[in-house]
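One-letter residues, chain by chain:
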Amino acid sequence: IRCLHIYATKPHFKGCYQVLQNFFEKSRFLVIIVIINCIISSIFLYLSTIYLLIDAIIFIIKNIYATNFEVKIVVVKFLKILDVSLIAITFHLISAGFYKLFIQQAIFDNSSFLKTLSINKFHDLKVIILHVSIIVIVILFLEDIVVFGGTLANLYAGISSSLVILAIIFTCKLLDNDHHKDDE
């Protein structure tokens, strides 16, 4: 950018610099496509959560005298509801974060829901996504444990899930260290 700024001071590069500056200023509104995608995704995921909840309630009513296996099915259904709900909320938060970062900051000052979000940089969105990923991996692993029990395949799945979670935690620590260096 410094190089561009040096060239922009020369008369014959001033027009090119202005075109680039205008492009980047206006192109931030292309993020609206991502925001709309996240909003639509979160709406469909919220609707899926409602459907899964109704399905679980109907299953419980039909199987009021549940066997051990049917109780496991109910547990898996509720874990799936939790999983889909977390993903829906994440998409919701991402859309709000993108809106705040790229479109309009002022709307967050008037909303009590959005004011509680501490999304001030793109880094904050990345950390949210990584943290929710850990929770989703754990929930998916718990679903497998409840359905299939203590099998060798679940042992391997647990080991691989643990490695992925450790990699995510390591990445979060690196991002936090880089983030703190940027603040200084």
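See the structure above.
Note that the structure is predicted; figures quoted are calculated from it, not measured.

Peer 1: An account of the overall build of the chain is needed here, citing residue identities and associated values.
Peer 2: Summing up its helical and strand segments, the chain has eight helices and zero strands in all. Counting helices and strands in the order they occur from the N terminus, the chain gives α-α-α-α-α-α-α-α. Within the chain, the proportion of its 184 residues that are buried is 28%. Excluding contacts between residues fewer than 6 apart, the proportion of contacts in the chain whose partners are at least 24 apart in sequence is 65%. A total of about 12,700 Å² of accessible surface is found on the chain, and carbon and sulfur atoms cover 71% of it.

Peer 1: Please give an account of the packing of aromatic side chains that cites residues and values.
Peer 2: For any pair of aromatic rings, geometry is given as the distance between the ring centres together with the angle between the planes. If you walk through the whole model with that rule in mind, you get one aromatic pair. Ring geometry for Phe98 versus Phe122: centroids 6.0 Å apart, planes at 20°, classification stacked. In this pair, Phe98 is assigned in helix H4 (residues 68-103) and Phe122 in helix H7 (residues 122-148), connecting sequence segments 24 residues apart. When its relative accessible area of 14% is taken as the criterion, Phe98 is described as buried. Overall, the relative accessible area of 43% leaves Phe122 in the partly exposed class. When the ring centre of Phe59 is taken as reference, the NZ or CZ atom of Lys77 above it lies at 5.3 Å.

Peer 1: So, the packing of H4 against H7: which residues are in play, and what are the values?
Peer 2: Contact geometry of H4 with H7 gives a least axis separation of 10 Å together with a crossing angle of 170°. Of the possible angle classes, the one that applies to H4 and H7 is roughly antiparallel. In terms of residue class, the contact of H4 with H7 is made up of 22 nonpolar, two polar and four charged.

Peer 1: I'd like a description of H7, backed by residues and values.
Peer 2: The terminal C-alpha atoms of H7 lie 39 Å apart, and with 27 residues this matches the ideal 39 Å at 1.5 Å per residue to within 8%. Of the positions making up H7, those classed as buried are His123, Asp124, Leu125, Val127, Leu130, Val132, Ile134, Val136, Ile137, Ile139 and Glu143. Just downstream of H7 lies Gly149, where phi reads positive at about 75°.

Peer 1: Outline the nonpolar core, listing residues and values.
Peer 2: Judged by nonpolar contacts, Val31, Ile35, Cys38, Leu93, Ile94, Ala96, Phe98, Ile103, Leu117, Ile119 and Leu125 together constitute the single largest core of eleven residues. Where this core is concerned, the elements lending two or more residues are helix H3 (31-62) and H4. Broken down by element, the residue count for this core peaks at five residues, all from H4. In contact with Ile103, other than residues within four places in its own chain, are Arg28, Phe29, Ile32, Ile35 and Phe98. Within the second largest apolar cluster, seven residues are counted, among which are Ile134, Ile137, Ile168 and Leu175.

Peer 1: Outline the pattern of salt bridges, supporting the account with residue identities and numerical values.
Peer 2: Applying the stated criterion to the full structure yields two salt bridges. Residue Asp55 is joined to Lys77 by a salt bridge in which the shortest nitrogen-to-oxygen separation is 2.7 Å. On the criterion of sequence distance, the pair formed by Asp55 in helix H3 and Lys77 in helix H4 is long-range, its members being 22 residues apart.

Peer 1: Can you break down a nonpolar patch on the surface residue by residue, with the values?
Peer 2: Together, Phe29, Ile32, Ile36, Ile39, Ile40, Ile43, Phe44, Leu47, Ile50, Ile54 and Ile58 line one region of the surface with nonpolar side chains, adding up to about 970 Å² of accessible area. Mapped onto the elements, Phe44 comes out in helix H3. Judged by its relative accessible area of 55%, Phe44 falls in the exposed class.

The rules behind each value
Residues numbered from 1 in each chain as written. Predicted model: local features only at pLDDT ≥ 70, side-chain atom pairs only at ≥ 80, totals over all residues. Heavy atoms only, no water. Helix = DSSP H or I, 4+ residues; strand = E, 2+ residues; numbered from the N terminus. Buried < 20%, exposed > 50% of the residue type's maximum accessible area, 1.4 Å probe, protein only. Contact = heavy atoms within 4.5 Å. Areas by Shrake-Rupley, 256 points an atom, 1.4 Å probe, with all protein chains shown as cover. Phe/Tyr/Trp six-rings, centres within 6.5 Å; stacked < 30°, edge-to-face > 60°. Lys NZ or Arg CZ within 6 Å of the ring centre and 35° of its normal. Axes fitted to C-alpha atoms, helices over the stretch in contact; angles between N-to-C directions. Parallel < 35°, antiparallel > 145°, perpendicular 65-115°, else oblique. Nonpolar A, V, L, I, M, F, W, Y, C, P; charged D, E, K, R; others polar. Expected span 1.5 Å × (residues − 1). Core = buried A, V, L, I, M, F, W, Y, C linked by side-chain atoms within 4.5 Å. Salt bridge = Lys/Arg side-chain N within 4 Å of Asp/Glu carboxyl O. Patch = residues over 30% accessible without salt bridge, like charges linked within 9 Å, V, L, I, M, F, W, Y side chains within 5 Å.

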